[in-house]
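An overview of the molecular structure
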Amino acid sequence: MEIKKVLEESSHYIMNTYDRFPVVLRKGRGMHVWSSDGKEYLDFVGGIAVNILGHCHPKVVVALQKQAQRLIHVSNLYHNEPQIKLAKLLVEHSFAEKVFFCNSGAEANEAAIKLARKYAKENMSGNRFEIITALNSFHGRTLATLTATGQKKFQQGFEPLVPGFRYVEFNDIDALKKTITGETCAVMLEPVQGEGGVRLPSHDYLRRVMEECDKHGLLLILDEVQTGMGRAGKLFAYENFGVVPDIMTLAKGLGGGFPIGAMLATNKVSAAFQPGNHASTFGGNPLACAAAIATMETLLEDGFILDQCRRMGEYLLKGLNELKKEHPSVITDVRGIGLLVGMELTRECTTIVKACMDRGVIINCTAGNVLRFTPPLIVQEKDFDHMLDILDDILGRLS
Ligand SMILES: *Cc1c(COP(=O)(O)O)cnc(C)c1O
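Quick caveat, the model's predicted, so the values are computed rather than measured.

For the rest of this paragraph, the subject is the overall build of the chain. For the chain, the count of helices and strands is 14 helices and 15 strands. The 399 residues of the chain split such that 53% are buried. Nonlocal contacts in the chain, meaning residues at least 24 apart in sequence, comprise 71% of its contacts between residues at least 6 apart. As displayed, the chain offers around 18,500 Å² of accessible surface, 53% of which is attributable to carbon and sulfur atoms. Computed over 44 positive and 46 negative side-chain charges, the separation of the two mean positions in the chain equals 2 Å.

A few words on the environment of Arg-335. Secondary-structure assignment places Arg-335 in strand E11 (residues 331-337). Taking the C-alpha atoms as reference, Arg-335 lies 9.9 Å from Arg-372; in sequence the two are 37 residues apart. The contacts of Arg-335, once residues within four sequence positions are left out, are Gly-197, Val-198, Arg-199, Leu-200, Leu-317, Leu-340, Val-341, Gly-342, Glu-344 and Val-370. Within the structure, Arg-335 has its side chain in polar contact with the backbone oxygen of Val-198 (distance 2.7 Å). Within the structure, the side chain of Arg-335 is placed 2.8 Å from the side chain of Glu-344, a separation counted as a polar contact.

Below, the discussion takes up the sheet that holds strand E2 (residues 32-35). Read from one edge of the open sheet, four strands run E1-E2-E3-E13, paired in mixed fashion. In this open sheet, the two strands that pair with only one neighbour each are strand E1 (25-29) and strand E13 (361-362). Note that strand E3 (residues 40-43) and E13 share two bridges and pair parallel. Bridge assignment links Asp-43 to a residue of E13, and that residue is Ile-362.

Within this structure, the stated rule accounts for five aromatic pairs. Seen from their ring centres, Phe-44 and Phe-384 are 5.7 Å apart, and the 20° between their planes marks the pair as stacked. Within this pair, whereas Phe-44 is found in the loop between E3 and helix H2 (46-49), its partner Phe-384 is found in helix H14 (residues 381-398), the two being separated by 340 residues in sequence. Accessibility assignment for this pair places Phe-44 and Phe-384 in one class, buried. Ring centres of Phe-170 and Tyr-205 lie 5.3 Å apart, and the angle between their planes is 70°; this geometry places the pair in the edge-to-face category. Residue Phe-170 is located in the loop between strand E6 (165-168) and helix H8 (173-179), and its partner Tyr-205 is located in helix H9 (residues 205-216); the two are separated by 35 residues in the primary sequence. Among the aromatic residues, ring-to-ring pairing joins Phe-95, Phe-236 and Tyr-238 into one connected group.

In spatial order, the strands read E4-E10-E9-E8-E7-E5-E6; together these seven strands make up an open sheet with mixed pairing. The sheet is open, and its two edges are formed by strand E4 (98-102) and E6, each paired on a single side. Adjacent strand axes in the sheet meet at a mean angle of 20°, parallel and antiparallel pairs treated alike. Of the pairings in the sheet, the one linking E4 to strand E10 (residues 261-265) comprises five bridges and is antiparallel in character. Along E10, the bridge assignment pairs Lys-98 with Ala-265. H9 contacts strand E7 (184-189) and strand E8 (219-223) of the sheet and is inclined by roughly 165° relative to E7.

Right, let's get into the pattern of salt bridges. The full count for this structure, using the stated rule, is 15 salt bridges. Arg-359 serves as the salt-bridge partner of Asp-393, at 2.6 Å between the closest nitrogen and oxygen. Of this pair, Asp-393 sits in helix H14 while Arg-359 is found in the loop between helix H13 (350-358) and E13, placing the two residues 34 residues apart along the sequence. The exposure class assigned to Asp-393 is partly exposed, which follows from its relative accessible area of 27%. For Asp-383, the salt bridge identified is with Lys-382, shortest N-O distance 3.8 Å. On the accessibility criterion, Lys-382 (57% relative accessible area) is exposed.

Next up on the list: the side chain of Thr-145. For Thr-145, the position within the fold is in helix H6 (residues 143-148). Here the side chain of Thr-145 touches Arg-141 through a polar contact of 3.3 Å, landing on its backbone nitrogen. Side-chain polar atoms of Thr-145 contact the side chain of Thr-142, separated by 2.7 Å. For Thr-145, the residues in contact, after removing those within four places along its chain, are Ala-106, Asn-109, Glu-110, Ile-113, His-139 and Gly-140.

Another point: the pairing of E11. Of all seven residues that make up E11, five are buried, and the element is covered over most of its length. Where E11 and strand E12 (residues 340-345) come together, six bridges link them in antiparallel fashion. Of the residues in E12, the one forming a bridge with Val-334 is Met-343.

Taken together, Ser-104, Gly-105, Ala-106, Asn-109, Phe-138, His-139, Gly-140, Glu-190, Asp-223, Val-225, Gln-226 and Lys-252 form the complete shell of residues around the ligand. One nitrogen or oxygen atom from the side chain of Gln-226 is found 2.8 Å from an oxygen atom belonging to the ligand. Lys-252 is positioned such that a nitrogen or oxygen atom in its side chain is 2.6 Å from an oxygen atom of the ligand. For the ligand, the protein covers 81% of the area, taking 380 Å² as the surface of the free molecule. Counting residues per element, the shell around the ligand draws most heavily on helix H5 (residues 105-123), at three residues.

Reading guide: rules and limits
Residues numbered from 1 in each chain as written. Predicted model: local features only at pLDDT ≥ 70, side-chain atom pairs only at ≥ 80, totals over all residues. Heavy atoms only, no water. Helix = DSSP H or I, 4+ residues; strand = E, 2+ residues; numbered from the N terminus. Buried < 20%, exposed > 50% of the residue type's maximum accessible area, 1.4 Å probe, protein only. Contact = heavy atoms within 4.5 Å. Areas by Shrake-Rupley, 256 points an atom, 1.4 Å probe, with all protein chains shown as cover. Lys, Arg positive; Asp, Glu negative; His and termini not counted. Charge placed at Lys NZ, Arg CZ, Asp CG, Glu CD. Polar contact = N/O pair within 3.5 Å; in protein donor to acceptor, adjacent residues only side chain to side chain. Pairing = 2+ DSSP bridges. Phe/Tyr/Trp six-rings, centres within 6.5 Å; stacked < 30°, edge-to-face > 60°. Axes fitted to C-alpha atoms, helices over the stretch in contact; angles between N-to-C directions. Salt bridge = Lys/Arg side-chain N within 4 Å of Asp/Glu carboxyl O. Near = heavy atom within 4 Å.

Listed below in structure tokens is the structure:
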């Protein structure tokens, strides 16, 4: 089909919730994707922190093929082996002792919010239900997670919001201390704010948040939907910051491109959920779990990919900092951890993103003026060299 016709049908049939680039992606392999007109792109977005092993990684493809032939779906009224195996893998490699599976980041956070409220009802004195989240955060698009999201622009038009959320400035421990009341039951944070513009925690912020939670008997919920599964150079970002949460949520990278979400917690906190309290028809579906097992096993093999992720993250930061020196009037800051990297500009980044796209390089823009890089963790130096050259050229033509 001619591209014009495809775009027409897309706007005719698909609900208008995304501002899409006029391109149809049809095939992917590793760092590359190809559009319907045969053009090749280097992909530094990777489904926004989803395709951690690149596109169509052979181990994920084979795992999906094998599982699809054996069993695609059964109800959670019965056990299935891939679900148990994946839960065991996650537990063995994290603080957590129990896992609840769902299908997306928003659902994982929704489950975390429900678990925190239920745990508070049963284990905390008084009436504690409030959850403190950070301004500029992003936790999802369901009503509760949209309310947890500390950004007005996502909430406007959907009021009334869900009661029981308060917001504090990220990285301001005093603001948090002042906001804790006799009704607070939990603090929920992204270890590194992703959608909010790749904002890193100051060196002891998360540790002090955890201390504050311990002091008041509050739960610490870490939303690792974007930062988890190796993105921050460790399997989970919290390992970088000397903290341990009570509840953690995962999605994006977990299935290597296949939709799956998870909410993990300690035994003590998990005990607040009993049969009937929470559920998901598709959660822990054998096909999704098979994809996630293959992804996680590949990621963990010798820690090779995690090492590579840290080294490549440093390499990208170095390259972007050189660009910053060359283009000081456009670039104000470069920051990141592992392969979650942002470059803040003095202007909106849409024209730059479009110019990159024209030249076969896919990068993302978040928070209006932050170029965000969330490439597959298998990215190589030559990929960054190519992208940095093009970016240098585009930035040079701007002013
Ligand atoms: C993407 C994201 C979500 C939402 O995940 P969905 O799968 O789109 O529902 C939640 N939290 C964080 C930190 C995210 O980056």
